[in-house]
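Structure at a glance
Spelled out, the chains give:
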Amino acid sequence: MTHRLLRRTSAAIGVLAAVSLAGCSSESPSATGASNDVVIGYGKIDTLDPIQFKTNTGYMVTNNIYGTLVRENYQTKKGVLVGDNTYAPQLAESLAWDSAGTLLTIKLKPNLQFQDGTALNATDVVYSIQRSLSDASYAKAFKSYIGITDPATAITAVDPSTVTIKTAFKAPLMEKFLSFPVFGILEKAAGDAHKTAGDPWATGFFSTNVIASGPYAVQSWSQDSSIVLTKNPKFTPQDLRNAPSTVTVKNIADPSQTYLALKQGALDIAMGLPPKLAKQAQSDSNAQVDVSPAGDLVYLGMNNTDPALTNVKVRQALSYLLPYNSLRSDVMQGFANSAFGPAPYPMESSLDTDGTKDAYPTDVSKATQLLSEAGATNLNLTLSVDASDPAAVESATFIQSALKQGGITVRVDQLQDADYNTKLGKHQLQMFVGEWYSWGQDAIYQMNFLLSSNSFVNYTGFKNAQFDALLSKGVSESDVAARNQLSQQAQQIAIDQAPMAYLYARDYVVVANKNVSGITQPDDEFPYFQYLSVR
């Protein structure tokens, strides 16, 4: 899950941090180029502990240094290896449910090792999953989606190569979740050796100490400059012979400087570039802009408990006034699709099959009629945005102008980060521009976070008993067709009730030099390095 600023950039920090190193050194794609070195420009890394919230750069690196029990499969689409919502074993040899669908047995591949040569066995897997679902982890909220109440008793090691997980139901998202890097496998002995009474899961240790179980290991790390990864020779589940020998991720605070470094040949890949720079790169003969649709929802949040916005007809009217085409073409420079509800294309059960449908196409006359029916006249509303988020600030200007056509006066309030986030969390914002991207790209999972009445990130305050009941049933429904039907019924309620206006779904965009191939778009949008090649 990710709730993030629209700009997606990270600021560099001027503190040198030392990292302790454990060592000195469906289509399933594989890298096809000769071994090489790749240099990527992004932002800072604040922690490398899988269970802690971190910067986007931190997530990307963590993806590549910790192995997971399963991995996503990919299909090539327009030159990008796109996750196809199917999964295969990675550290695991097999995963099998019992006939009741409440006991998952996981067999590990033989002879697994951490980068320091220590055997990786079932005890490490149990420790890592329990840790990922603990109160120390942001993933503790995942327990309800996979039918686990008490990880300490539900997850056990049967023997050195076998793990069982007991669940309340056959969790349809189990394999998907186990591919998430938050469930990366850590060395239990190291965690036990460094735990304290105040830090029982050794988060302080794992923040800066890496004992890799994935394709890459940390060779060096300085937070103010770069991190260098090298292939992990102990990682045997995949053939890494053709993977890049090293991957260097440079901390560059300014996206303009990132793009300049790419143009000058100092970088192979520029991550996190804003739309205008990505658009500029499309005209550069030495650059390639890999674009792929994603269910990354940007929305206009409306406080459903605010007296001016409690009437659904008012919210529908606002939705009809919004300038969707201008937001996609001018703010996003064309790197966005329509968002037909809270689960936009290309999510599997989305009501939109191609990314071209707006839930409320711009229609001033319909908006005016709805406002009249609601008895809403001379509306004065406040739209709050994070002042440090240029995309949100620019979007607010377009929204302010569009609502004026319906006779609605909008005051744009640019708030500093801390003030904005505090007021957002306390539901004190009348309207706001938000963004949500769900790892795994599952519609029911996404709607649960965004709009269920008990979600801590439901900033609209939307409450609908029928909507909640559909999602609750969908969490444990393992039949794909039945689950998709529940999802689509919930989506329609969220469209009809208009708790938020669905502005657009932004694309996955990576800018690279022409000689780069093997860009991946996994379901968390943080690429895997072993597939990269530079020719």
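Residues numbered from 1 in each chain as written. Predicted model: local features only at pLDDT ≥ 70, side-chain atom pairs only at ≥ 80, totals over all residues. Heavy atoms only, no water.

This part takes up the overall build of the protein chain. A count of helical and extended segments in the protein chain gives 16 helices and 23 strands. Taken over the C-alpha trace, the protein chain has a radius of gyration of 23 Å; the compact-globule value for 535 residues is 24 Å, and the two agree within 12%. The buried share of the protein chain, reckoned over its 535 residues, is 60%. Total accessible area on the protein chain stands at roughly 19900 Å², and carbon and sulfur atoms take up 49% of it. Positive and negative charge centroids in the protein chain, built from 40 and 48 side chains respectively, lie 1 Å apart. (Helix = DSSP H or I, 4+ residues; strand = E, 2+ residues; numbered from the N terminus. Rg over C-alpha atoms; globule rule 2.2 N^0.38 Å. Buried < 20%, exposed > 50% of the residue type's maximum accessible area, 1.4 Å probe, protein only. Areas by Shrake-Rupley, 256 points an atom, 1.4 Å probe, with all protein chains shown as cover. Lys, Arg positive; Asp, Glu negative; His and termini not counted. Charge placed at Lys NZ, Arg CZ, Asp CG, Glu CD.)

Below, the discussion takes up the packing of aromatic side chains. Using the criterion set out here, one finds 25 aromatic pairs in the structure. Look at phenylalanine 177 and tyrosine 445: their rings are 5.4 Å apart centre to centre, the planes differ by 65°, and that puts the pair in the edge-to-face class. In this pair, phenylalanine 177 is assigned in helix 4 (residues 174-178) and tyrosine 445 in helix 14 (residues 443-451), connecting sequence segments 268 residues apart. When sorted by exposure, phenylalanine 177 lands in the same class as tyrosine 445, which is buried. Seen from their ring centres, tyrosine 299 and phenylalanine 432 are 5.9 Å apart, and the 80° between their planes marks the pair as edge-to-face. (Phe/Tyr/Trp six-rings, centres within 6.5 Å; stacked < 30°, edge-to-face > 60°.)

Turning our eyes to something else, we now look at the pairing of strand 15 (residues 287-302). The two faces of the sheet receive side chains in turn, since in a regular strand these alternate between them. Summarising burial for strand 15: 14 of the 16 residues are buried, a large majority. With six bridges connecting them, strand 15 and strand 19 (residues 431-437) associate as antiparallel partners. The partner of tyrosine 299 across the bridge, within strand 19, is glycine 434. (Pairing = 2+ DSSP bridges.)

Pairs can form between side chains of opposite charge whenever their charged atoms are close. Tallied over the entire structure, the rule returns nine salt bridges. Taking the shortest distance from any N to any O, the salt bridge between aspartate 49 and arginine 131 comes out at 2.7 Å. Taken together, the positions of aspartate 49 in the loop between strand 3 (37-42) and helix 1 (56-65) and arginine 131 in helix 2 (residues 122-132) put the pair 82 residues apart, joining distant regions of the chain. One salt bridge connects lysine 423 with aspartate 419, and the closest N-O pair in it is separated by 3.5 Å. Within this pair, lysine 423 and its partner aspartate 419 are both found in helix 13 (residues 417-425), separated by four residues, close to a single helical turn. With a relative accessible area of 26%, lysine 423 lands in the partly exposed category. (Salt bridge = Lys/Arg side-chain N within 4 Å of Asp/Glu carboxyl O.)

In this structure, the largest pocket spans a volume of roughly 1100 Å³. Broken down by element, the lining of the largest pocket gets its largest block of residues, eight residues, from strand 5 (residues 80-89). (1 Å grid on protein atoms, 1.4 Å probe; cavity = no way out; pocket = protein on both sides within 12 Å on 5 of 7 lines; lining within 4 Å. Points joined across faces, edges and corners; volume = space filled by probe spheres on them.)

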